[in-house]
Amino acid sequence: MDKQLVLQETAPPSVGPRVAATQLREDRALRLLLGLAAIAMVVALYAIFVYAPTERVMGHVQRIFYVHVSLAWLSYLAFFVVFACSVGYLWRRDERWDAVARASAEIGVVFTTLFILSGALWGRPVWGTWWTWDARLTTTALLWFLYVAYLMLRAYVPDTARAARYAAVLGIVGFLDVPIIHMSVVWWRTLHPEPTVARLDSGPAAPPEMVITLVLASLAFGLLYLALLIVRVRLERLRDEVRQLEQALSLRGE
Amino acid sequence: MQLQNLPYLFVAYTLVWLVLFGYLFVIAAQVRAVRRDLDQLRAQLAAARPPHDGD
Amino acid sequence: MSLYFRQLAALVLKDLRLELRRRETVAGVLVFVLLVLVLFQFALDLERAEAARLTPGLLWITLLFAGLLALGRAFAAEYDQGTLDGLRLAPVDRSTIYLSKVIATVLFLSLVELVALPAFAAALDAPLLTPGVLVTVFLGTLGLAAAGTLFAAAAVQARARDVLLPLLVLPLLAPLLIAAVHATADLMAGAAVPWSAPWWELLVGLCVLFLGAAVLLFDALLEE
């Protein structure tokens, strides 16, 4: 037995044909998606910097708005995915649901962080402060905390099955709470209006070019989100396989 | 006023792009690494299997 | 139906009896609240006019953290002594366990508030002892207990449970804080009992959300 293992180790292991074919298909699909995302990104960038008109008051800095709002929408979309997959996981108890939930939470916190940072980079030159407690920023800041709570819960619970269940409960309750958070923050803001003009939207009637640009930017980021999601879920799935194989090997007394 | 805020615009876009594509790159690299580990493990498992047929 | 209530009552009585014996939670939390009240005075150096404006906020921040302290202990005894399994095996609907903890927590916190509210009212010269404020405090406590109990069951089985619980619960309770503070402020300013006020509706809505979701989801938290 030992001699056979030694022989195996000198020659590079060959992957079974079925596994290789699946990998190839997955890679091709992903590459297609990434290609689409790249094209969408280029189109969006053109729209943002060339097509969209320059805002009268704020100037070119206003172009951050397209990225800022797109990231916001995607942060909420990602959290919805966390919610939907949490429901799916608790209902079906299939780990794949949980993998998608967790991936979406990770990506979501990245998007939310970037949203907040882009907001600060926009706010500073335009309104003089790095942060304004306007309704959208505040609500999304709370969303950031919900994401972080989700990820920390997963990190602090040692048993992975349990962690998945607990996180699913948080994902569900958190998402259901978001509209209430939004409502309360909006009411709060109407009672204590910001001294500076905190309207993050571009004034009374946004010119159609701006709306189109925003849609294009959101689509581009949406495709990127999808690509990130797929790769992250793949990573989780592969890690699970590794764990299973390691277990199988240890059972055989490796 | 309009032109002097361009640094903020630049930093914002650079940050977003670096972080998002950096994140994608890191996960993709991890996928590759895990795939290598997986292939190794599969080979080890295949090697260990023949002598122990009929567990 | 009556079996459900009898089981519920039994579980609540169990927690009450334990607390009566040890008197840890209520006494400890109460002293904490009074301490914080004193610390606020040192930290903020409140004058009469400012105190009026800040009282609702100070009161509710204090109640929130006091509540978290109490909630941290909700399942701690069971988990540390291994009697969580006993709860799991008990022939009761899991939601009964959840509701009994919520009721017990509300009762404990209400005992604390019985002393805390007059203390705040006296120290900050604030009209806090009106029926409107009392109802607001009750609704806020209920919401806090509802959300907190749900996640206390998760946190108690995690690492760093004392740090984790606030992280899980506070973002969810942000609307509760906003609503409770504004309702209290309105009532202090002399508004009539705001049955139809949006803040009370929000508080009730939150309680319904958390209680409802918890009753459906608590099973998943108590599984092996």
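Owing to the predicted nature of the structure, the values given are computational and were not obtained by experimental measurement.

(A) Region of the structure containing the overall build of chain B. Along its length, chain B carries 1 helix and 0 strands. Expressed as a percentage of the 55 residues in chain B, the buried residues total 18%.

(B) Highlighting the overall build of chain C. Across its full length, chain C carries 9 helices and 0 strands. Overall, the C-alpha framework of chain C stretches about 55 × 35 × 30 Å when taken along its three principal axes. Across the 224 residues that make up chain C, the buried fraction comes to 45%. Nonlocal contacts in chain C, meaning residues at least 24 apart in sequence, comprise 82% of its contacts between residues at least 6 apart.

(C) Spotlight on the environment of A52(C). In this fold, A52(C) is placed in helix α3 (residues 48-72). Along the sequence, A52(C) and A189(C) sit 137 residues apart, while their C-alpha atoms lie 9.1 Å from each other.

(D) Molecular detail of helix α8 (residues 161-188) of chain C. All names here are of chain C. The largest bend in α8 is about 50 degrees, located at L173, with the proline P175 one to four residues further on. With 21 of 28 residues buried, α8 is to be regarded as a mostly interior element. G190, located one to two residues past α8, shows a positive phi value of around 105 degrees.

(E) The interface of chain B and chain A, seen in detail. Contact residues are listed per partner, giving 34 residues for chain B and 37 residues for chain A. In the side of chain B that touches chain A, the residues fall into 24 nonpolar, 6 polar and 4 charged.

(F) Structural context of the arrangement of the chains. In this assembly, 2 pairs of chains are in contact, and the pair contributing the most contacts is chains A and B. As for chain C relative to chain B, no contact occurs, and the smallest C-alpha gap between them is 25 Å.

(G) Up close: the nonpolar core. With 158 residues, the main nonpolar core has V82(A), L153(A), V169(A), A146(C), F151(C) and L203(C) as its most contacted residues. Among the elements that take part in this core, helix α3 (residues 64-92) of chain A stands out by supplying 17 residues, more than any other. Residue contacts for F151(C): discarding those within four places in its chain leaves L165(C), L168(C) and V169(C).

(H) Local environment of the interface of chain A and chain C. Taken residue by residue, the interface counts 28 residues in chain A and 25 residues in chain C. Secondary-structure elements contributing two or more residues to the side of chain A that touches chain C are α5 (135-156) and α6 (160-191) of chain A. With 18 residues, α6(A) is the single largest residue contributor to the side of chain A that touches chain C. Its residues assigned to classes, the side of chain A that touches chain C comprises 23 nonpolar, 2 polar and 3 charged.

(I) View of the packing of helix α7 (residues 131-155) of chain C against helix α9 (residues 198-222) of chain C. Residue and element names in this part refer to chain C. Taken N-terminus to C-terminus, the directions of α7 and α9 make an angle of 20 degrees; their axes are 9 Å apart at the nearest point. In this view, α7 runs roughly parallel relative to α9, as classed from their interaxial angle. When the axes of α7 and α9 are compared, the crossing they make is left-handed. Residues L139, G140, L142, G143, A146, A147, L150, A153 and A154 of α7 form the contact with α9, whose own contacting residues are W200, L203, V204, L206, C207, F210, L211, A214, F218, L221 and L222.

(J) Highlighting unusual backbone geometry. The phi dihedral of R93(A) is positive, around 55 degrees, even though this residue is not glycine. Structurally, R93(A) is set in the loop between α3 and α4 (95-127). Residue R93(A) is classed as partly exposed on the basis of its 14 C-beta neighbours within 10 Å. Of note, the phi angle at D125(C) is positive, near 55 degrees, even though the residue is not glycine. Tracing the chain through its elements places D125(C) in the loop between α6 (94-124) and α7.

(K) Spotlight on the confidence of the model for chain C. The pLDDT averaged across chain C works out to 89; a share of 98% of its residues lies at or above 70. For this predicted complex, the interface score ipTM comes out at 0.90, while the overall pTM is 0.88.

(L) Highlighting the environment of E95(A). Residues and elements named next belong to chain A. Structurally, E95 is set in helix α4. For E95, a count of 15 C-beta atoms within 10 Å puts it in the partly exposed group. Spatially, the C-alpha atoms of E95 and L214 are 35 Å apart, while their sequence positions differ by 119 residues.

About the thresholds
- Residues numbered from 1 in each chain as written.
- Chains lettered and ligands numbered in written order.
- Predicted model: local features only at pLDDT ≥ 70, side-chain atom pairs only at ≥ 80, totals over all residues.
- Helix = DSSP H or I, 4+ residues; strand = E, 2+ residues; numbered from the N terminus.
- Buried ≥ 20, exposed ≤ 12 C-beta atoms within 10 Å, placed from the backbone.
- Contact = placed C-beta atoms within 7 Å.
- Bend = angle between axes of the 7 residues up to and from the residue.
- Nonpolar A, V, L, I, M, F, W, Y, C, P; charged D, E, K, R; others polar.
- Core = buried A, V, L, I, M, F, W, Y, C linked by C-beta atoms within 7 Å.
- Axes fitted to C-alpha atoms, helices over the stretch in contact; angles between N-to-C directions.
- Parallel < 35°, antiparallel > 145°, perpendicular 65-115°, else oblique.
- Left-handed = near helix turned anticlockwise from the far one by under 90°.
- pLDDT = per-residue confidence, 0-100.

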